[in-house]
Amino acid sequence: MDKKVDAGPDSVAVDASAGARHLPDVVLTVRPRSPTRQALRRLRRDRAAVSAAVFLLVLALITVLAPVLAPQDPIKINLEERLAPPGTSGYPLGADDLGRDILSRLIWGGRISLLVGFGAVLVAMTFGVLLGLIAGYFGGWSDSLIMRGIDILMAFPAILLAIAIIASLGPGLRNAMLAIAIVGIPYYARIVRGSVLSLREQDFVTAARSIGVSSYRILMRHVLPNCLGPLIVAATLDVGWMIMAAAGLSFLGLGAQPPTAEWGVMLSQGRQFVRHAPWVSILPGAAIFLVVLALNLFGDGLRDALDPWLRE
Amino acid sequence: MSAYIVRRLLSLVFVLIGITLLVFLIMQLAPGDPAKIMLGTKATETSLAQLRHELGLDQPLHIQYIRWVGRVIQGNFGRSIQLKREVLPFLLDRFRNTAYLTLFAAVVACVVGIPVGILSAVRQYSLEDRASMILVLVGFSTPLFWLGIVLQIVFGLALGLLPVSGIHATGRDDFADLFVHLILPSLTLATGATAIIARMTRSSMLEVIRQDYVRTARSKGLSERLVISRHAVKNALIPVVTVVGMQVGYLLGGDVLIEIVFSYPGIGLAMVNGILARDFPLVQGAILLVATSYALVNLAVDLLYAYLDPRIHYG
């Protein structure tokens, strides 16, 4: 009788009878599950995280297709429809003080917010990972120098440091993105340094070193891949913070400048008409809230999936 | 412990040097000649050269830095270009308002966040636990400057219950009036910190209530209320102290946005106006003051933590 435990198409067949004639004729098919596959399975079971991911994908798609999907030009002024309430014909979410369509501005604004959020995280992560790898792996004076620099950056409240950098570079969307990216560097550097410190003493790294593998190759092939789990979780949660911080800077007049359709700018401009037309500032704020909530839900789900012991 | 205090104080000196260095460099990198900005349209080559010499701008960078730090230590933060007055007294006045707001928000965050965290942990997986953790997530994800506007619409404009801007009503400067003006901004500012403190308290409590000494307390017949209040909470709150301290720092930063929303005359409002008017002495002073108080709060928290947790040996 054949007893077969089938676990899918890429299963590894283990013929227990081969080379052992005295054993019963049993064929066991066992699929070893990789940690990534297990994490994905856990993530798929987390309904909140999956819904958040779907929401973010749909939003990303909408913003990519902004030129096609946005019903109007986001900076086209139409004073006849000034502060038109939601539901007005041609203005499903109403119009702002210059009669610009809020829905179109939200769609285009989403494009900027997502770009700034992911862009800033990418920049912060690249430099943070690099510094963390060097500090953690080489130790000594390079570690001291990098970590003292990181300490100084962390001596400022995050948003204050971003404001200080903008004070120097001048207001503008690109400078705001750069400022929040610089503020984010210590976060990644510390995560990576912590992981590297424990990894560099492990046998597989010692083995690689002992057969003469170069430091660069050890870092890129052996150390970095093992830091990816916590990094991905941190980055997912960080995108939300970056989006909020960038919108906050624009709200202060230090980031994107009018007439750009950016959520922080929209909120700031809508404030003046909050008594008569609250939707002008409520809607962009709600958009920021929903995106950040989705990113946090997805980030939490991802963290639980990658490290189920952290669930508690 | 005393060795730890000395080490921590030394690291504070290092951090303060770092802060002054960074603030100095950031302002050096700023485009525009401060002398030109100060003199405005009246500038001539001779007057510019004279002012640059008076301000020491013709000196090498390291000399400028040392002189600037020397002046700052003596309490001379320079004169504001925009306000035409000494920066430090003005900023200290504004900083007092910011301190009120920060302290109020910190108290709200602790008074709400800690009990919510304890309740969630004690009734893990209950309806209350799930509901409060959803609220925590919402608190994390809400842009505070937007929440401020929503609260202004609801409590100020629609219900007419609370003032929506400023620090005092015209002609009044009593504490009751200040308190009423602080309610909406401090509630707004406290939201994120409340969420973080609640989450931290919950996870700290969950760890503590599984410890042997808590089981022992239960097994000797103490009521659940006593076990939680006398044995679990005290120990669970030790790590929360650090989080609360960190949150005070974040609140100091978050103040900037809230002060703009509520036109609250704090240091953040002064700083943003200073940046937009390119008033560098004012901006430099404001950043320096906030960053220094942040460093001092961090020091206080670290020392308090070392005092509260005798298990940790600082060597």
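Since the model is a prediction, treat every value here as computed from it, not as a measurement. (Residues numbered from 1 in each chain as written. Chains lettered and ligands numbered in written order. Predicted model: local features only at pLDDT ≥ 70, side-chain atom pairs only at ≥ 80, totals over all residues.)

## Examining the overall build of chain B
Scanning chain B for helices and strands turns up twelve helices and zero strands. Reading chain B from its N end, one meets helices and strands in the order α-α-α-α-α-α-α-α-α-α-α-α. Taking the principal axes of the C-alpha coordinates as reference, chain B spans close to 85 × 60 × 35 Å. Within chain B, contacts between residues separated by at least 24 positions form 72% of all contacts whose residues are at least 6 apart in sequence. (Helix = DSSP H or I, 4+ residues; strand = E, 2+ residues; numbered from the N terminus. Contact = placed C-beta atoms within 7 Å.)

## Let's talk about the overall build of chain A
Looking only at helices and strands, one finds eleven helices and two strands in chain A. For chain A, the residues scored as buried account for 43% of the 312 residues in total. For chain A, long-range pairs separated by at least 24 residues make up 64% of all intrachain contacts whose partners lie at least 6 apart in sequence. (Buried ≥ 20, exposed ≤ 12 C-beta atoms within 10 Å, placed from the backbone.)

## Things to note about the confidence of the model for chain A
Put simply, chain A has an average pLDDT of 87, and 88% of its residues get 70 or more. A low-confidence stretch, residues 1–21 of chain A stays under pLDDT 50, and its non-local contacts, those more than four residues away or across chains, total 33 contacts. (pLDDT = per-residue confidence, 0-100.)

## Looking at the packing of helix α6 (residues 127–141) of chain B against helix α8 (residues 175–208) of chain B
Residues and elements named next belong to chain B. Where α6 meets α8, the axes come as close as 8 Å, and the angle between the chain directions of the two elements is 140 degrees. By the angle between their directions, the pair α6 and α8 is classed as oblique. As for the relative orientation of α6 and α8, their crossing is left-handed in sense. The residues of α8 that touch α6, namely those facing Ser132, Val136, Gly139 and Phe140, are Thr191, Gly192, Thr194, Ala195, Ala198 and Arg199. For the contact of α6 with α8, the per-class residue count stands at four nonpolar, five polar and one charged. (Axes fitted to C-alpha atoms, helices over the stretch in contact; angles between N-to-C directions. Parallel < 35°, antiparallel > 145°, perpendicular 65-115°, else oblique. Left-handed = near helix turned anticlockwise from the far one by under 90°. Nonpolar A, V, L, I, M, F, W, Y, C, P; charged D, E, K, R; others polar.)

## With respect to the interface of chain A and chain B
Of the residues lining the interface, 38 residues belong to chain A; the matching set on chain B comes to 42 residues. Broken down by class, the residue content of the side of chain A that touches chain B amounts to 26 nonpolar, eight polar and four charged.

## Quick word on the packing of helix α4 (residues 102–138) of chain A against helix α5 (residues 140–154) of chain A
Residues and elements named next belong to chain A. At their nearest, the axes of α4 and α5 sit 7 Å apart, and the two run at 140 degrees to each other. In terms of their interaxial angle, α4 and α5 are classed as oblique. Seen from above, α4 lies across α5 with left-handed handedness. For the pair α4 and α5, the contacting residues are Leu131, Ile134, Ala135 and Phe138 in the first and Gly140, Ser142, Asp143, Ile146 and Met147 in the second. Here the residues of the contact of α4 with α5 are counted per class, giving six nonpolar, two polar and one charged.

## Regarding helix α2 (residues 47–64) of chain A
Residues and elements named next belong to chain A. When the terminal C-alpha atoms of α2 are compared, their 26 Å separation across 18 residues agrees well with the 26 Å that a helix rising 1.5 Å per residue should span. Taken residue by residue, α2 has Ala49, Ala52 and Thr63 as its buried positions. Summarising the axial view, the buried residues of α2 lie within an arc of 60 degrees, below the 170-degree limit, and thus occupy one face. Away from its buried face, by an angle of more than 90 degrees, α2 presents the exposed residues Arg47, Val54, Leu57, Val58 and Leu61. Packing partners of the buried residues in α2 comprise α1 (35–45), α3 (66–69), α4 and α11 (279–306). (Expected span 1.5 Å × (residues − 1). Arc of directions from axis to C-beta.)

## Description of the nonpolar core
Membership of the largest hydrophobic core comes to 174 residues, with the highest contact counts inside it found for Ala162, Ile163, Ile180 and Ala246 of chain A. Here Ala162 of chain A is in contact with Ala179, Ile180, Val183, Ala245 and Leu249 of chain A, once residues within four sequence places are set aside. (Core = buried A, V, L, I, M, F, W, Y, C linked by C-beta atoms within 7 Å.)

## Observations regarding unusual backbone geometry
Between Pro258 of chain A and Pro259 of chain A the backbone carries a cis peptide bond, its omega angle lying at 5 degrees. With respect to the helices and strands, Pro259 of chain A occurs in the loop between α9 (215–251) and α10 (263–270). With a phi close to 45 degrees, Ser263 of chain B is a non-glycine residue in the positive phi region.

## Section: the confidence of the model for chain B
This prediction gives chain B a mean pLDDT of 89; 98% of its residues lie at or above 70. Here the prediction assigns the complex a pTM of 0.87, and the interface score ipTM is 0.88.

## Some remarks on the environment of Asn78 of chain A
All names here are of chain A. Tracing the backbone shows Asn78 in the loop between α3 and α4. For Asn78, a count of 16 C-beta atoms within 10 Å translates into the label partly exposed. Separated by 60 residues in the primary sequence, Asn78 and Phe138 place their C-alpha atoms 61 Å from one another.

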